[in-house]
Amino acid sequence: MAPRAYWKGYLKLSLVSCPIALYPATSSSERVSFNRINKKTGNRLKQQQVDAETGEPVEKEDIGRGYEIGKGQYLQVEDDEIEKIRIESTHTIEIDSFVPRQEIDDRYPDSPYYVAPTDQVGQEAFAVIRDAIREKGLVALGRVVVSRREYVVMLEAFEKGLLATTLRYAYEVREPASYFEDIPDLKLPAEMKQLASHILDTKAAHFEPAKFTDHYETALVELLRAKQAGRIVEAPKDEPAPQRVINLMDALRASIGAETKKKPAAASTKVRAGTAAKRKAGR
């Protein structure tokens, strides 16, 4: 089954445009999810809209929007009033500018989407825009309207298509000062920094997302399987809390020793595996 488009419209760079579609690049549908049920009957529960003051259920046609202007006071806004708000980029992502990717603070990217052309005719124009972005080594900034809201979107070349990432607005990003103001400026000894740097070197690796395991999701699946099979589920033993560091230099030196011990073990395993493979090949 072909993926369902989240949004359809046009990508425009100056006078060049092409029809495109946006598809969510991530999904949480594979996660275990639960329904609310009545524990007495086992039946699923329905959500019901209830008046906060009277406690009476409210019919669908009587449900509206309200903006709180005071405690218990709401300014009613009708759907047709919101519909009258016109935003120019409703059906078009128009590229406004190109910027270096490193200038976009990591707090701003929000949700990623794949962008692909929707017909044969527009593929050449799409390829021109994609390749121009790739060759310049920049990302494009534009605007897109989804469900009445306008978002700034970052476009970058990604494999044969484009990756569009919605960006948060400046007012949505919290300033760090209030969180970090109590952290003092410390002048650390050179040896301490060298020890920490050495530990980092021993743990250097490449990012391989497939290696990461969602342990909570795995435990949920095991719980459900056990309950279906009628097995008793036992709670895991609590791990002991890490010891409090008394002397940081001693802890850093001990960490280096622990990491060094791991390396030979890994190497000897490879040797044994290689020897076994040679024996097998020689048979």
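Anyway, here's the lowdown on the structure attached to this text. Predicted model only: the values in this text are computed from it and were never measured.

**Examining the pattern of salt bridges**
- Overall, the coordinates contain 11 salt bridges when judged by the stated rule.
- Measuring nitrogen to oxygen at the nearest pair gives 3.7 Å for the salt bridge that ties Asp-131 to Arg-134. Of this pair, Asp-131 and Arg-134 both sit in helix H2 (residues 123–136), three residues apart, which is roughly one turn of that helix.
- With relative accessibility at 28%, the residue Asp-131 sits in the partly exposed group.
- Here Glu-208 and Lys-211 are joined by a salt bridge, their closest N and O atoms 3.4 Å apart.

**A short note on unusual backbone geometry**
- The backbone of Ser-14 sits at a positive phi, close to 55°, despite the residue not being glycine.
- For Ser-14, the location among the structural elements is in the loop between strand E1 (7–13) and strand E2 (16–24).
- For Ser-14, a relative accessible area of 54% translates into the label exposed.
- The phi torsion at Glu-159 lies on the positive side, around 50°, for a residue other than glycine.
- Residue position: Glu-159 is located in the loop between strand E9 (149–158) and strand E10 (161–167).

**A few points about helix H5 (residues 215–229)**
- Counted at 1.5 Å a residue, the expected span for H5 with its 15 residues is 21 Å, and the 21 Å between its end C-alpha atoms agrees.
- Listing the buried residues of H5 in full gives Glu-217, Leu-220 and Ala-226.
- Phi for Gly-230, located one or two positions after H5, is positive at around 80°.

**Concerning the pairing of strand E3 (residues 65–70)**
- Relative to strand E4 (residues 73–77), E3 runs antiparallel, the two being bridged by five bridges. Within the sheet, the bridge partner assigned to Gly-70 lies in E4 and is Gln-73.

**A look at the packing of aromatic side chains**
- Here the structure, examined in full by the defined rule, presents four aromatic pairs.
- The interplanar angle of 20° and the centroid separation of 5.1 Å between the aromatic rings of Tyr-6 and Tyr-113 together place this pair among those described as stacked. Of this pair, Tyr-6 sits in the segment before E1 while Tyr-113 sits in strand E7 (residues 109–117), placing them 107 residues apart in sequence.
- Residue Tyr-6 is classed as partly exposed on the basis of its relative accessible area of 43%.
- When its relative accessible area of 12% is taken as the criterion, Tyr-113 is described as buried.
- Look at Tyr-169 and Tyr-171: their rings are 5.9 Å apart centre to centre, the planes differ by 5°, and that puts the pair in the stacked class.

**Thoughts on the sheet that holds strand E8 (residues 139–146)**
- Read across the sheet, eight strands follow the order E5-E1-E2-E7-E10-E9-E8-E6 without closing on themselves; strand pairing throughout is mixed. Of all the strands in the sheet, just strand E5 (92–94) and strand E6 (97–99) have a single pairing partner and so form its edges. Taken over all neighbouring pairs, the strand axes of this sheet differ in orientation by 40° on average, direction set aside.
- Alignment of E7 against E10, held across five bridges, turns out to be antiparallel. The residue bridging Tyr-114 from the neighbouring strand is Leu-163, located in E10.

**Some points on the nonpolar core**
- Ranked by internal contacts, the top residues of the largest apolar core, which has 20 residues, are Trp-7, Leu-11, Ile-20, Leu-22, Ile-93, Val-115 and Leu-155.
- Sorting the residues of this core by element identifies E1, E2, E7, H2, E8, E9 and E10 as the ones contributing at least two each.
- At four residues, H2 tops the list of elements feeding residues into this core.
- Ignoring sequence-local partners within four residues, the contact set of Ile-20 consists of Trp-7, Lys-8, Gly-9, Tyr-10, Leu-11, Ile-93, Val-115, Ala-116, Pro-117, Thr-118 and Phe-126.

**Quick notes on helix H4 (residues 190–202)**
- In this model, H4 (13 residues) spans 19 Å end to end at C-alpha, consistent with the 18 Å of a helix rising 1.5 Å per residue.
- For H4, the set of buried residues is Met-192, Leu-195, Ile-199 and Thr-202. Mapping the buried residues of H4 onto a view down its axis gives an arc of 90°, with all of them on the same face. Residues of H4 that are exposed and angled more than 90 degrees away from the buried face: Gln-194, Leu-200 and Asp-201.

Reading the values: rules and limits
Residues numbered from 1 in each chain as written. Predicted model: local features only at pLDDT ≥ 70, side-chain atom pairs only at ≥ 80, totals over all residues. Heavy atoms only, no water. Salt bridge = Lys/Arg side-chain N within 4 Å of Asp/Glu carboxyl O. Helix = DSSP H or I, 4+ residues; strand = E, 2+ residues; numbered from the N terminus. Buried < 20%, exposed > 50% of the residue type's maximum accessible area, 1.4 Å probe, protein only. Expected span 1.5 Å × (residues − 1). Pairing = 2+ DSSP bridges. Phe/Tyr/Trp six-rings, centres within 6.5 Å; stacked < 30°, edge-to-face > 60°. Axes fitted to C-alpha atoms, helices over the stretch in contact; angles between N-to-C directions. Core = buried A, V, L, I, M, F, W, Y, C linked by side-chain atoms within 4.5 Å. Contact = heavy atoms within 4.5 Å. Arc of directions from axis to C-beta.

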